[in-house]
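Architecture at a glance
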Amino acid sequence: MKIEQGARFHFCTDDLPAKDRLAIWREVIGRRYMQLEIEPHEPNSMWARIDVQRLPSGEISSAHSNPARYRRTRKLANDGNGDFSFMWMKQAGYRLINDDSETTFAEGDGVLLFHGAPGTCELQSRVRWNTVRLDGALLRSRSRSIGERPFHRADSRSGALHLLTAYIAALVAGGVPSDPALAYRVNEHIADLIAAAVQPNDDNRERAAAGAVQVARFAAVTADILAHLSDPELSAKQVAQRVGLSERSVYLLFERNGVSFVAFVTEERLQRARAMLVDPACRMLRIGDIAFAAGFSDLTTFNRSFRRLFGRTPSDLRREIDP
């Protein structure tokens, strides 16, 4: 199953007839996409969904599933292309079984899985997990020894892992850049952060620090701002505390990207207000209500800033949309 670069793919068993759900999930998602055999704990009540975005040399996916075993047989491993998948879950409840060994993972841990090795991942409860699938050659260029073991564990306390998950969350929310050059850089940053998370040696730290860490930190900060944009008390200090940086570091991230913290927040609030003003579902809301919903605490400031950015007042825009 091939997904074009930049495209999104969604699959859910709810969209299928009940009698076909397990068979299609096993064949289309399991064998063709994941290269895994899927063995649900309760076959008659199988439920799962997956959302995928394509990278230049890999994919980002977010999946939910009932308890099940996802097993890579020796045949599927031999038929594979040497790729890797890095996965993590916010909750505990999964384990890896390789030959005679068994490894249980704690909440927030990550794991890098080599597609060329057989093994089983067992989900012991209904969980959501995130996965980045990367081209094997790309990841091996970060570390020659990275494919020598069936899996590598990333501790939940790893700073690189925190940056990686925040970076991926921002990409899932905003999408992978359509510009091929930018998408390629995203791919490179993800590979650097994964290598730094599972093999935190000096070389990986240095490479990641050269670009990926700064990009991931900025993505984490901007994602946090957008999630709290409606809070009129939003500040750089609050954002810094939530993402684990100093307040000064937050200001520096924006300076390096050619914009100030205040200017970024203001423009995002104005863009959100503009979207609400032209949204038919918000037609009954007063302009003041929209301004406050976007995070402004003063209507005069909102009107002045709106006119400066868009060349007209909120009232002018609303009259154009609904004369």
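Remember, predicted model here, so these are calculated numbers, not experimental data.

Before going further, it helps to examine the confidence of the model for the protein chain. Residues shown with low pLDDT carry predicted positions that ought not to be read at fine detail. A residue-level look at the protein chain finds 93% of positions with pLDDT of 70 or above and a mean pLDDT of 86. The least confident element of the protein chain is helix 6 (residues 202-209), whose mean pLDDT is 61; the most confident is helix 11 (residues 287-293), at 95.

Moving on to helix 9 (residues 247-256). Within the sequence span of helix 9, burial applies to Val-250, Leu-253 and Phe-254. End-on view of helix 9: buried residues confined to an arc of 95°, all on one side of the axis. Where helix 9 is buried, its residues touch helix 7 (212-227), helix 8 (236-243) and helix 10 (261-277). Trailing helix 9 by a residue or two, Gly-258 shows a phi angle of about 75°, which is positive.

What follows covers the nonpolar core. Ranked by internal contacts, the top residues of the largest apolar core, which has 35 residues, are Phe-86, Ile-190 and Ile-194. Elements that contribute at least two residues to this core include exactly strand 6 (84-89), strand 9 (110-114), strand 11 (127-134), helix 3 (136-140), helix 4 (159-174), helix 5 (180-198) and helix 7. At nine residues, helix 5 tops the list of elements feeding residues into this core. When neighbours within four sequence positions are excluded, Phe-86 is seen to be in contact with Gly-110, Val-111, Leu-112, Asn-130, Thr-131, Val-132, Ala-154, Leu-161, Leu-164, Ile-194 and Val-198. Counting residues in each nonpolar core, the second largest holds 28 residues, with Trp-25, Met-87, Tyr-94 and Cys-121 among its members.

All right, on to the side chain of Asn-130 then. Residue position: Asn-130 is located in strand 11. Leaving out residues up to four positions away in the same chain, Asn-130 has contacts with Ser-61, Ser-62, Phe-86, Met-87 and Trp-88.

Once that is clear, we can look at helix 13 (residues 314-321). When helix 13 is considered as a whole, its buried residues turn out to be Pro-314, Leu-317 and Arg-318. All buried residues of helix 13 lie within an arc of 95° about the axis, which places them on one face of the element. On the buried face of helix 13, the contacting elements are helix 10, helix 11 and helix 12 (299-310).

This part takes up the side chain of Arg-142. If you trace the backbone, Arg-142 turns up in the loop between helix 3 and strand 12 (151-154). Here Arg-142 falls in the buried class, since its relative accessible area comes to 12%. A polar atom in the side chain of Arg-142 sits 2.8 Å from the side chain of Asp-192.

Turning next to the pairing of strand 4 (residues 58-65). Buried residues dominate strand 4, accounting for seven of its eight residues. One ladder, built from eight bridges, connects strand 3 (residues 48-55) with strand 4; its direction is antiparallel. Residue pairing across strands places Asp-51 opposite Ser-62, the latter belonging to strand 4. Between strand 3 and strand 4, which pair antiparallel in sequence order, lie two residues. Bridge count between strand 4 and strand 11: eight bridges; the pairing is antiparallel. From the neighbouring strand, Glu-59 faces strand 11, where its bridge partner is Arg-133.

Below, the discussion takes up the environment of Ser-305. Positionally, Ser-305 belongs in helix 12. Considered as a pair, Ser-305 and Val-243 are 62 residues apart in the sequence and their alpha carbons are 28 Å apart.

Sheet architecture is open: five strands sit in the order 2-5-10-7-8, paired in antiparallel fashion. Looking at strand neighbours, the two that pair on one side only are strand 2 (37-40) and strand 8 (101-104), the edges of this open sheet. For this sheet the average axis-to-axis angle between neighbouring strands, irrespective of direction, equals 20°. Strands strand 2 and strand 5 (68-72) of the sheet are contacted by helix 1 (residues 21-34), whose axis makes an angle of about 145° with strand 2.

Moving on: the pattern of salt bridges. In this structure the tally under the stated criterion is 20 salt bridges. Salt-bridge contacts for Arg-153 lead to Asp-109; the nearest nitrogen and oxygen are separated by 2.9 Å. Of this pair, Arg-153 sits in strand 12 while Asp-109 sits in the loop between strand 8 and strand 9, and the two are 44 residues apart along the sequence. Look at Arg-153 and you get partly exposed, because its relative accessible area is 36%.

By the secondary structure assignment, Ser-178 is in the loop between helix 4 and helix 5. The exposure class of Ser-178 is exposed, given its relative accessible area of 73%. Each C-alpha atom of the pair Ser-178 and Arg-153 lies 32 Å from the other, and the pair is 25 residues apart in sequence.

Scoring rules and cut-offs
- Residues numbered from 1 in each chain as written.
- Predicted model: local features only at pLDDT ≥ 70, side-chain atom pairs only at ≥ 80, totals over all residues.
- Heavy atoms only, no water.
- pLDDT = per-residue confidence, 0-100.
- Helix = DSSP H or I, 4+ residues; strand = E, 2+ residues; numbered from the N terminus.
- Buried < 20%, exposed > 50% of the residue type's maximum accessible area, 1.4 Å probe, protein only.
- Arc of directions from axis to C-beta.
- Contact = heavy atoms within 4.5 Å.
- Core = buried A, V, L, I, M, F, W, Y, C linked by side-chain atoms within 4.5 Å.
- Polar contact = N/O pair within 3.5 Å; in protein donor to acceptor, adjacent residues only side chain to side chain.
- Pairing = 2+ DSSP bridges.
- Axes fitted to C-alpha atoms, helices over the stretch in contact; angles between N-to-C directions.
- Salt bridge = Lys/Arg side-chain N within 4 Å of Asp/Glu carboxyl O.

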